[in-house]
Amino acid sequence: VLLYCLGPNCLASEVEAYIDARRLGDDDEALHLAGAITGEAASTSPDQQGSDVVRAILHVGNQRVFSVLFWFALIGPLGAVLFRLSSRLGKLRQHSVSEFANIVQAVMAWLPARMLASAYALVGNFDGAVQAWKNRPHEPDLAIANYDALLNVGLGALRDARAEDEIAGIQMARD
């Protein structure tokens, strides 16, 4: 059940394939993989594409991995299935249940998102992460608040990191 809930695609292998495509100069494959990682059409500009991939890693890591593991550890297979099901149903735009599923998913992602943001702060630039947490905008929409917490704290934790190039920055976000 856990393996099924983690999904058919491994985020780490997708990121590694993206990095390999960028290193080899295969722009078409990098564009395709960036779209798979971000879940939307990727930018054709390599700099913007790399930035989008870093942002997606910080957020999607919670959606596809950490929250599923959190709920599996907390209440077992039912928790993992419920989180994954709410996430999948929320993506069905024409379905009448999608709005309710998005609310359930946002509520279930709230605590894991804060825990993962705290982990970003602990393993990265703590001062940058705390400053980013303090300066993030207040958002009444829970799903957007989860996204903002992960993104702002994650980028704050990556601040002042010694990345030689864009690929090294993506690797730091992945690790």
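Values in this document were obtained by computation on a predicted structure and should not be read as measured data.

Caption draft 1: Looking closely at the overall build of the chain. Assigned secondary structure in the chain consists of nine helices and zero strands. In terms of overall dimensions, the chain is globule-like: its C-alpha atoms have a radius of gyration of 16 Å, near the 16 Å expected for 175 residues. By its C-alpha atoms, the chain is 40 × 35 × 30 Å across when sized along the principal axes. As displayed, the chain offers around 9,900 Å² of accessible surface, 59% of which is attributable to carbon and sulfur atoms. If the 14 positive side-chain charges of the chain are averaged to one point and the 20 negative ones to another, these points end up 7 Å apart.

Caption draft 2: View of the environment of Asp141. Its place among the elements puts Asp141 in the loop between helix H7 (126-135) and helix H8 (142-158). Among the residues examined, Asp141 registers a relative accessible area of 36% and is labelled partly exposed. Sequence separation of Asp141 and Ala121 is 20 residues, and the distance between their C-alpha atoms is 23 Å.

Caption draft 3: Structural detail: a nonpolar patch on the surface. Together, Val1, Val81 and Leu85 give the surface a local cluster of nonpolar side chains, amounting to about 250 Å² of exposed area. Relative to the assigned elements, Val81 resides in helix H5 (residues 77-90). Here Val81 falls in the partly exposed class, since its relative accessible area comes to 36%.

Calculation criteria
Residues numbered from 1 in each chain as written. Predicted model: local features only at pLDDT ≥ 70, side-chain atom pairs only at ≥ 80, totals over all residues. Heavy atoms only, no water. Helix = DSSP H or I, 4+ residues; strand = E, 2+ residues; numbered from the N terminus. Rg over C-alpha atoms; globule rule 2.2 N^0.38 Å. Areas by Shrake-Rupley, 256 points an atom, 1.4 Å probe, with all protein chains shown as cover. Lys, Arg positive; Asp, Glu negative; His and termini not counted. Charge placed at Lys NZ, Arg CZ, Asp CG, Glu CD. Buried < 20%, exposed > 50% of the residue type's maximum accessible area, 1.4 Å probe, protein only. Patch = residues over 30% accessible without salt bridge, like charges linked within 9 Å, V, L, I, M, F, W, Y side chains within 5 Å. Salt bridge = Lys/Arg side-chain N within 4 Å of Asp/Glu carboxyl O.

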